[in-house]
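Here are the chains, one letter per residue:
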Amino acid sequence: DRRAWYYDWIMTTAEAAAELRLFGLGKYFQSNYKDLRQRLRGERLQLTRRQSLAELGASLIALLIVGAALGWMVWKALQGLVTLGELALIYAAFNQGQGLMRTLLENAGQLYGNSLFLGNLFEFLALQPKICRGGPPWPPLHEVQAGITFKGVSFTYPDATSNALDDFTMTIPSGKIVAIVGPNGAGKSTLLKLLCRFYDPVKGRIEIDGRDLRDFATDDLRRLITVLFQQPFHYNTSVRENVLYGDLKLQSSDAQIQAAIRAAGAEEIVARLPQQEQTLLGRWFSGGTELSVGEWQRIALARAFLRQAPIIILDEPTSALDPWAEADWLERFRELAVGRTSIIITHRFTTAMHADVIHVMDRGRVVESGSHYGLLGLKGLYAESWSRQMMSTDYAESV
Ligand code: ADP
């Protein structure tokens with residue numbers, strides 16, 4: 001059912017419209033959808049047929065019993081063993097008994113049906129959260145004084161066969177901008193998921209100011225962190241609400257929202273919109289305005305900035321920016337990040353080079369650390385990847 005719903009969604013959503021047309025996938029999904037619906041309909045028909053047959057059988061049995069009882073009564077009456085009055089009484093009692101039996105069986109059937117659903121419900125309610133605390137939580141932190149440390153952290157995703165992080169050790173000093181660079185699949189985004197405690201490490205510890213993340217209440221921990229996710233969610237609401245979602249608890253003023261939009265480099269985008277901050281975004285509702293991927297990313301960045309958290313994590317913040325806009329934005333970010341611990345996850349070396357410390361990741365481990373020039377001097381993976389990226393004319397012109 002879910003798969004059929006998924007095909008239905010693919011064929012009707014705006015996100016897939018362009019690819020569906022270009023790659024001519026419409027017919028393919030249509031036939032997949034039809035096959036699935038046909039199968040579902042077949043299974044449903046089979047169930048209904050079985051149910052009808054069972055009902056027919058039960059009715060036949062009931063009819064036979066009624067027939068037999070009536071036959072018995074007529075036979076007794078013919079023999080003169082019962083009077084007509086007694087016969088009427090027996091018939092009424094039999095009728096009532098039959099009605100009671102029917103109700104009893106119907107209720108038993110309903111009870112059985114409901115118990116099947118209740119079984120699912122109780123199974124669901126009995127699920128234990130995997131992210132939980134050992135003892136009473138530490139009082140919440142409001143700032144990071146020493147830094148964040150990953151100590152020998154290993155992590156494997158549920159149902160995955162290989163480690164996403166393998167004996168991973170790294171220190172992020174407080175108040176600094178730290179870049180984490182590395183090829184796709186190196187485990188960069190996994191770090192942020194562990195830091196936000198969406199998962200717990202299989203081995204090792206992650207500490208903030210020397211305290212294990214597991215010692216904090218998850219809400220307190222998450223209030224310390226603001227994140228620009230690699231694929232931020234597109235809320236189909238107004239620009240203002242999109243930014244406000246960064247911190248609903250804080251009754252943000254107009255000035256704070258505008259400052260967040262400015263810091264994200266989104267003021268021009270918002271100014272161009274038909275009703276500026278009040279513009280409805282997305283295509284889910286009529287009158288909405290669709291943004292480009294990069295523009296959505298700017299709005300998500302404003303949302304991340306609105307949250308006044310001491311740790312700021314940006315996952316590929318410049319992926320949708322051209323190199324010129326990137327340099328301009330990074331300069332602004334440095335001003336904004338003063339006093340905050342910033343982690344920038346990126347595969348762009350032109351972004352990473354501006355960080356105070358750069359950690360180079362490969363296959364779940366840190367392989368090199370240092371400043372941009374320090375790492376170039378090492379002539380290792382960073383230096384090699386840097387020169388390869390610099391071969392691209394865009395990058396060469398921008399630096
Ligand atoms: P990066 O951000 O460096 O590109 P990730 O941290 O996203 O890499 O992924 C590291 C490894 O973990 C990859 O091999 C990826 O396939 C795997 N992975 C990522 N997310 C999941 C997930 N939700 N379930 C299973 N495996 C995952």
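Residues numbered from 1 in each chain as written. Predicted model: local features only at pLDDT ≥ 70, side-chain atom pairs only at ≥ 80, totals over all residues. Heavy atoms only, no water.

**Side note on the site of the ligand**
Selection criterion: Nearness is defined per residue: one heavy atom within 4 Å of the molecule or strand is enough. Definition of a polar contact: a pair of N or O atoms within 3.5 Å, with one able to donate and the other able to accept a hydrogen when the atoms are protein atoms, and with sequence-neighbouring residues admitted only if both atoms are side-chain atoms. In these tables, accessible area is a Shrake-Rupley quantity obtained with a 1.4 Å probe, and a residue counts as shielded only by the protein chains included in the view.
The environment of the ligand is made up of Y157, A164, P183, N184, G185, A186, G187, K188, S189, T190 and K193. Backbone polar atom of G185 to an oxygen atom of the ligand: 2.7 Å apart, as the coordinates give it. Starting from 570 Å² of accessible surface for the ligand in isolation, the protein chains cover 59%.

**Re the sheet that holds strand β9 (residues 357–362)**
The condition is simple: Pairing between strands is defined by DSSP: at least two bridges between the two strands are required. Per the convention used, a helix needs a DSSP run of H or I reaching at least four residues, while a strand needs a run of E reaching at least two, with both numbered from the N terminus. Inter-axis angles, ranging from 0 to 180 degrees, are taken between N-to-C directions of lines fitted to C-alpha atoms, where helices are fitted over the stretch in contact.
If you trace the six strands from one edge of the open sheet to the other, you get β6-β7-β8-β3-β9-β10, paired in mixed fashion. Both edges of this open sheet fall to β6 (225–228) and β10 (365–370), since each of them pairs with a single strand only. For this sheet the average axis-to-axis angle between neighbouring strands, irrespective of direction, equals 20°. Of the pairings in the sheet, the one linking strand β7 (residues 311–315) to strand β8 (residues 341–346) comprises five bridges and is parallel in character. Note that in β8 the partner of I311 across the bridge is T341.

**Considering the environment of A77**
The test is simple: Buried residues are those whose accessible area, probed at 1.4 Å on protein chains only, stays under 20% of the maximum for their type, while exposed residues exceed 50% and partly exposed ones sit between those limits. Should any heavy atoms of two residues lie within 4.5 Å, those residues are counted as being in contact.
Summarising the element assignment, A77 is placed in helix α3 (residues 26–79). With a relative accessible area of 29%, A77 lands in the partly exposed category. For the pair A77 and V367, spaced 290 residues apart in sequence, the C-alpha to C-alpha distance is 101 Å. What A77 contacts, discounting residues up to four positions off in sequence, is V82 and L87.

**Quick look at the packing of α3 against helix α4 (residues 84–125)**
Which entries qualify depends on this criterion: Between 65 and 115 degrees an angle is taken as roughly perpendicular, under 35 as roughly parallel, over 145 as roughly antiparallel, and anywhere else as oblique. Note on convention: near helix rotated counterclockwise from far helix by under a right angle means a left-handed crossing. Clockwise means right-handed. Just so you know the grouping, Ala, Val, Leu, Ile, Met, Phe, Trp, Tyr, Cys and Pro go in nonpolar, Asp, Glu, Lys and Arg go in charged, and all remaining residues, Gly too, go in polar.
Packing of α3 against α4 leaves a shortest axis separation of 11 Å and a crossing angle of 165°. Relative to α4, the element α3 lies roughly antiparallel. Pair α3 / α4 crosses with right-handed handedness. Facing A62, I65, V66, A69, L70, M73 and A77 of α3, the residues of α4 in contact are L87, I90, Y91, F94 and Q98. Along the lines of polarity and charge, the residues of the contact of α3 with α4 split into eleven nonpolar, one polar and no charged.

**Points about a nonpolar patch on the surface**
Defined as follows: The patches described consist of residues with a relative accessible area above 30% and no salt bridge, like charges being joined within 9 Å and nonpolar side chains (Val, Leu, Ile, Met, Phe, Trp, Tyr) within 5 Å. Throughout this description, the term salt bridge denotes a Lys or Arg side-chain nitrogen within 4 Å of a carboxyl oxygen of Asp or Glu.
Taken together, the side chains of L118, L121, F122, F124, L125 and L127 make up a nonpolar region of the molecular surface, amounting to roughly 650 Å² of accessible area. Within the secondary structure layout, L118 lies in helix α4.

**Considerations on the nonpolar core**
Definition in use: In this description, a nonpolar core means a group of buried Ala, Val, Leu, Ile, Met, Phe, Trp, Tyr and Cys residues linked to one another through side-chain atoms lying within 4.5 Å.
Membership of the largest hydrophobic core comes to 43 residues, with the highest contact counts inside it found for I261, F305, L314, F333, I358 and Y382. Counting residues per element, this core draws most heavily on helix α10 (residues 293–306), which supplies eight residues. For F333, the residues in contact, after removing those within four places along its chain, are I177, F305, I312, L314, S342 and I344. In terms of nonpolar packing, the next biggest core, distinct from the first, is built from 32 residues, F155, I172, C196 and I225 among them.

Shape is all these values report; function is a separate question.
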